[in-house]
Amino acid sequence: MKFQRLKDLREDHDKLQKDIANILGISQQYYSEYEQGNRTIPTEHLIKLSLYYNTSMDYLVGLTNEPKPYTRKK
């Protein structure tokens, strides 16, 4: 499954794949495989990305079109 929203959000924030890979602590190539849908994204990385982009994991993976995150625990 290709995750177009990961690429779209990254580009909207004027970031390169290597920038996001650094946030996740992985290589650029590894992150690229997330965007292309060639590698399963661990929940830990989805959480980091949703916090970074201030959206929900559901939005990241295309389960909702609502980018606003749910109310989070403090």
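A brief look at the structure comes next. (Residues numbered from 1 in each chain as written. Predicted model: local features only at pLDDT ≥ 70, side-chain atom pairs only at ≥ 80, totals over all residues. Heavy atoms only, no water.)

Describing the overall build of the chain
From N to C terminus, the chain includes five helices and zero strands. Helices (α) and strands (β) of the chain occur, in sequence order from the N terminus, as α-α-α-α-α. Projected onto the principal axes, the alpha-carbon positions of the chain cover approximately 35 × 25 × 25 Å. Here the chain holds 74 residues, and 34% of them are scored as buried. (Helix = DSSP H or I, 4+ residues; strand = E, 2+ residues; numbered from the N terminus. Buried < 20%, exposed > 50% of the residue type's maximum accessible area, 1.4 Å probe, protein only.)

Examining the nonpolar core
Membership of the largest hydrophobic core comes to 15 residues, with the highest contact counts inside it found for Leu6, Leu24, Tyr31, Tyr34, Leu49 and Leu60. Secondary-structure elements contributing two or more residues to this core are helix 1 (4–12), helix 2 (17–24), helix 3 (28–36), helix 4 (43–53) and helix 5 (57–60). In contact with Leu49, not counting residues within four places along its chain, are Leu6, Ile20, Leu24 and Leu60. (Core = buried A, V, L, I, M, F, W, Y, C linked by side-chain atoms within 4.5 Å. Contact = heavy atoms within 4.5 Å.)

Things to note about the packing of aromatic side chains
Counted by the stated rule, this structure contains three aromatic pairs. Aromatic pair Tyr31 and Tyr34: ring centres 6.1 Å apart, planes at 75°, arrangement edge-to-face. Here Tyr34 and Tyr31 lie together in helix 3, a separation of three residues that amounts to about one turn. Accessibility classification places Tyr31 together with Tyr34 in one group, the buried group. Relative to Tyr53, the ring of Tyr52 lies with its centre 5.0 Å away and its plane at 75°, an arrangement referred to as edge-to-face. (Phe/Tyr/Trp six-rings, centres within 6.5 Å; stacked < 30°, edge-to-face > 60°.)

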